[in-house]
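The primary structure of each chain is shown beneath.
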Amino acid sequence: MSRITRQEVERVAALARLELAPDEAERMTSQLDAILDYVALLSEVDTTGIAPTSHAVPLRTPLRDDRPGPPLDPDDAVRNAPEREGSAFLVPKVIEGEES
Amino acid sequence: MGPPLGTLAGLRADLDAKRVSSRELVDACLARAEALDRKLHAFLGLRAERARAEAAESDARRARGEVRGALEGIPVALKDNMVQRGEPTTCASRILEGFVSPYDATIVRRLQAAGAVIVGRTNLDEFAMGSSTENSAYGPSRNPWDVSRTPGGSSGGSAAAVAAGIVPLALGSDTGGSIRQPAACTGIVGMKPTYGRVSRYGLVAFASSLDQIGPFTRSAADCATALEVLCGHDPFDSTSLPEPVPRFSEALTGDVSGLVIGLPKEYFVEEGVDPAVLAAVRAAVAELEKAGAKTREVSLPHTKYGIACYYLIAPAEASSNLARYDGVRYGLRAKDAENLTELYCRTRSQGFGAEVKRRILLGTYVLSAGYYDAYYRKAQQVRTLVRRDFEGALAGCDVIATPTMPEVAFRIGEKSGDPLRMYLNDVYTVSANLAGVPGISIPCGFHEGMPIGLQLLGRILDEATLLRVADAYERCTDWHSRRPPETA
Amino acid sequence: MSRVLEKYEAVIGLEVHVHLKTASKLFSNAPVVYGAEPNHAVTPVCLALPGSLPVLNAKAVEFAIRAGLATHCKVHPQSVFARKNYFYPDLPKGYQISQYEEPICTEGWIEIELPAEKGGAEGPQTKRVGITRIHMEEDAGKSIHDEVVAGTGSAVDLNRAGVPLLEIVSEPVLRSAAEASAYLRALRSILRYVDVSEADMEKGQFRCDANVSLRRRGESKLGTRTETKNLNSFRFVEAAIGIEIERQAKLLDAGGRVIQATLLYDPATNKTRVMRTKENADDYRYFPDPDLVPLVIDPAEIERVRRELPELPDRKRARFQAEHGLSEYDARLLTGSRALADFFERAAKALGNAKTVANWVLRDVLQALKERELEIEQTKLEPEALAALLALVESGRVTAKSARDLLPELVERGGDPAALVRARGLEAVSDTGVIEAAADEAIAASPEMAARYRAGEEKILNALIGQVMKKTAGKASPAAVKEILARKLRG
Ligand SMILES: [Mg+2]
Ligand SMILES: [Zn+2]
């Protein structure tokens, strides 16, 4: 029995904004299936009542004073932009609200 | 091409005694890099002009008696996932093509404050995802001991550069073994400090809760020197530890009498590991016993779940960390996209390599609605158990000794077809990242002419003890001073 | 509308996003500025440059605690920042750092004044509106669609990216557009009272999303809801909710069903359009941000903030009633905004007669402001100057009428009332001779009124007083006039 279908892989690819060629989608599906099959190993561990760990090392909450620093030089800020208009980044038309 | 550069300690002595200038060192370093890199492909970029200028400045400072710090005038290489103002950073990915950083990583500031001269950017698996540098968009690095083999990964370029005597010190990043494993593959010293010891500000994130920067050197003493420069609290990294940094060099007493070495029974099972590797590790432990250390068996019961746990947590974090590569503000942008969705999809599909896509897909999947609890939360809970394993084991011993990897460096192409088989290579290293504990790999023998690594794992914030044991071991063996014939 | 609400009950919950007035952003030391050139107020963190990392702003946390306490919320000693993952050009990291499973504040409430229904009980009706949660999150940047700037595309400005926001989520207990708007006004007033935000809607510092569903009266189970986004003025909120209630009612009447969707209100056309339906809703893949650690707040810190919390509207109202002997109604009006309350208190303190000040502020000052479309914050009239003017009235040196005539000018231009009175020759007539003469004229002019008064018809005197006042151009003190007339008539 397979753990992940081609359709699921394509749904996830869309979420991650990746487009997969048909053969690529096939390959990914079988490889992800093998990996998910392997990680299913975890299901044999009883984790009832075990708190999840996000960071293994105990860390205190660091807070920053509300003091503004100098912003980036505007040229530096947009120098890497593939496309720009003045000091703004340029993208294909954004349909308001559409989370592309 | 001149001879291999010596150790950090040796070069510092030469500089102090004016036997050599920083400019001469950097020239020698660049000459070796030029000559050897055709074979090794350790570098993605050299900063020749800037390095020469900075070396000259260092010599001038030294002449004025203004030595900045422990690395004054020393050539150093950075894994190409650490940013330096005015320099490119690629992470060995097409998606960062043309990116030039407008700011410095904290470790770059620290290196410069210590007088170091950064000579170049080293090769890696794309976004540090891999164990062989074969996932570099710019082609694999090769092992100085046998160029048909990988130098390990993901920090393979840095390891190769140090092993080949191009630089005495190079930095890597270790998310699941990416410093320790290549160190083992290339017969040098590599340490992953305690999570939070070294600032991640300016380290391009792979898996934020696991990533840690560390040094590659040719000796434990050099490693201690490097750590004293790299470690320390950084207000720009919320996961940076405020604890003071000890003078690691002073821990190198050579004395291990009474020290207890834990041998986790789960790591010394015959299956899945080359007997020659196990034998070398056992011999190394025996050597330390001769020097006065004691051994005892310990247990890390959740060891067998480490890989599964890691390959859920790391891709999940990566899938989110890599969302910023969208072709809007920097790096690659796909041509003639009609709308935003096309812009995103084409840019990311053209920009990322297969392994990165695989992990983004895996991570996106395990975080997506309906799967979070079964995969991500479950892995975070198992991570708690792995952490407790180490707390328990290290309550009964000072350090834990294991192989760094189950075999010696494999041949290029040998595993690239089978991601899962590649992942299993990290079996001995991932747990330290999951538990946040420090780990070091040091040379402990050879098999088929390839180096074998001994891994020592320690308590949170106790890098000092790891260095003391590593240094003591070097004092009674000469593995660490062997040089690859290919590059001699 | 009202007809619709006889048949259906509207169930409305609001999500409000408020900018906190910090000097720097939530997770970076980039300055918070409005109206700067695109990308002139950004750091590597705002641009999501490779390797950049977030560090939390202490002031934003204090403001969140303050807002939580001011709305009677539980402030949690531990809260967690999570990543909300989605792709959008003004979201540079590809995720928004927000709070999800463990927000900083939960389970609060505020009291709102219900819009008076015609024929309803006299005096204001109030209602307690529950606050489900308050969480901290970062704002996104701006996409500029202006053809001139962006041509066929859109331009992205990240100056706003990372500005600290509070998202304040109400319980779905609001029942009409008017109630929703009353809730928003009360909430904004509180946030301004505790000084955590300018809450200026024009600047986008106070934005609202409205969740609306309908159910037949008497039914208990909730209908399918829609969320209308991007409501950045009280007028738009009322309009959009009204439109949505009508739309859903029509649907239901026609036997149709409401589809869960996110709508967008367009002020230009005063219409809403569907932005996303549940079917194509995004999967945000929330998970704890591994670049941050849980926000742990020392209970002592929460107590410190509580001690330093400024007086809130309801407590101030109670005090005004107790201290100044004001009616609940007057106290409520005066505490409607912190600025108005402060104006009143300063004037009352200067005059030493709060009741009089309250009457003048609520009647004449507000009237003058309204006519000139000014906010109390904008008047040139110093509270002490108002007190000085009222002192002149009390001492009889200026009549109430003259004072009332002067007020609009003072409200608009400010200045010294005494000087103005002199300049306009509005000093009250104190020379009794003048009044005596005017009184004699008035009696002579209407002998039959005088007769009726002598015959015991006391209240006729007012008419005579009116005549004397006219003759003295309102500058005579009515008290003096009355006394003199009475004396003469008893003669
Ligand atoms: Mg919301
Ligand atoms: Zn929000």
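That block above? That's the structure.
What you see is a predicted model; the values in this text were computed from it and never measured.

**Thoughts on the pattern of salt bridges**
Then comes step 1: According to the stated counting rule, one finds 87 salt bridges over all chains in the structure shown.
Then comes step 2: Residue B:E463 is joined to B:R197 by a salt bridge in which the shortest nitrogen-to-oxygen separation is 3.1 Å. Here B:E463, found in helix 15 (residues 463–476), pairs with B:R197, found in the loop between strand 5 (189–192) and strand 6 (213–217); they are 266 residues apart in sequence, far enough to count as distant.
Then comes step 3: A cluster of three or more residues bridged by salt bridges with shared partners is formed by C:K59, C:E62, C:R66, C:E301, C:R304 and C:E308.

**Some details on the coordination of the magnesium ion (ligand 1)**
All names here are of chain C.
Then comes step 1: Looking at the magnesium ion (ligand 1), one finds its protein donor set to be E15 (OE) and E167 (OE), positioned 2.6 Å from the metal centre.
Then comes step 2: The metal-metal distance between the magnesium ion (ligand 1) and the zinc ion (ligand 2) is 3.9 Å, with E167 coordinating both. Of this pair, E15 sits in strand 1 (residues 8–19) while E167 sits in strand 11 (residues 164–170), and the two are 152 residues apart along the sequence.
Then comes step 3: Relative accessible area serves as the criterion here: at 17%, E15 is assigned to the buried category.
Then comes step 4: A relative accessible area of 10% places E167 in the buried class.

**Focus: the coordination of the zinc ion (ligand 2)**
Then comes step 1: Within the protein, the atoms that donate to the zinc ion (ligand 2) are C:H17 (NE2), C:E137 (OE) and C:E167 (OE), at distances of 2.0 to 2.1 Å.
Then comes step 2: Residue C:E137 is classed as buried on the basis of its relative accessible area, which comes to 4%.

**Here we look at the environment of C:G13**
All names here are of chain C.
Then comes step 1: Summarising the element assignment, G13 is placed in strand 1.
Then comes step 2: It is 9.8 Å that separates the C-alpha atoms of G13 and T132, two residues lying 119 residues apart in sequence.
Then comes step 3: Among all residues touching G13, those that are not within four sequence positions of it are S170, E171, P172, D209, A210 and N211.

**What to know about the sheet that holds strand 1 (residues 43–46) of chain B**
Residues and elements named next belong to chain B.
Then comes step 1: Within the open sheet, the 11 strands sit side by side as 1-3-2-4-6-5-10-11-9-7-8. Their pairing is mixed. The open sheet has two edge strands with one neighbour each: strand 1 and strand 8 (294–298). Across the sheet, the axes of successive neighbouring strands diverge by a mean angle of 30 degrees, strand direction being ignored.
Then comes step 2: As defined by bridge partners, strand 5 adjoins strand 10 (residues 439–447) across 3 bridges and the pair is classed as antiparallel. Within strand 10, the position partnered with G190 by the bridge is S441.
Then comes step 3: Helix 15 rests against strand 5, strand 9 (399–403), strand 10 and strand 11 (450–458) of the sheet, and its axis sits at about 20 degrees to strand 10.

Reading guide: rules and limits
Residues numbered from 1 in each chain as written. Chains lettered and ligands numbered in written order. Predicted model: local features only at pLDDT ≥ 70, side-chain atom pairs only at ≥ 80, totals over all residues. Heavy atoms only, no water. Salt bridge = Lys/Arg side-chain N within 4 Å of Asp/Glu carboxyl O. Helix = DSSP H or I, 4+ residues; strand = E, 2+ residues; numbered from the N terminus. Donors = N, O, S within 2.8 Å, 3.2 Å for Na, K, Ca; no water. Buried < 20%, exposed > 50% of the residue type's maximum accessible area, 1.4 Å probe, protein only. Contact = heavy atoms within 4.5 Å. Pairing = 2+ DSSP bridges. Axes fitted to C-alpha atoms, helices over the stretch in contact; angles between N-to-C directions.

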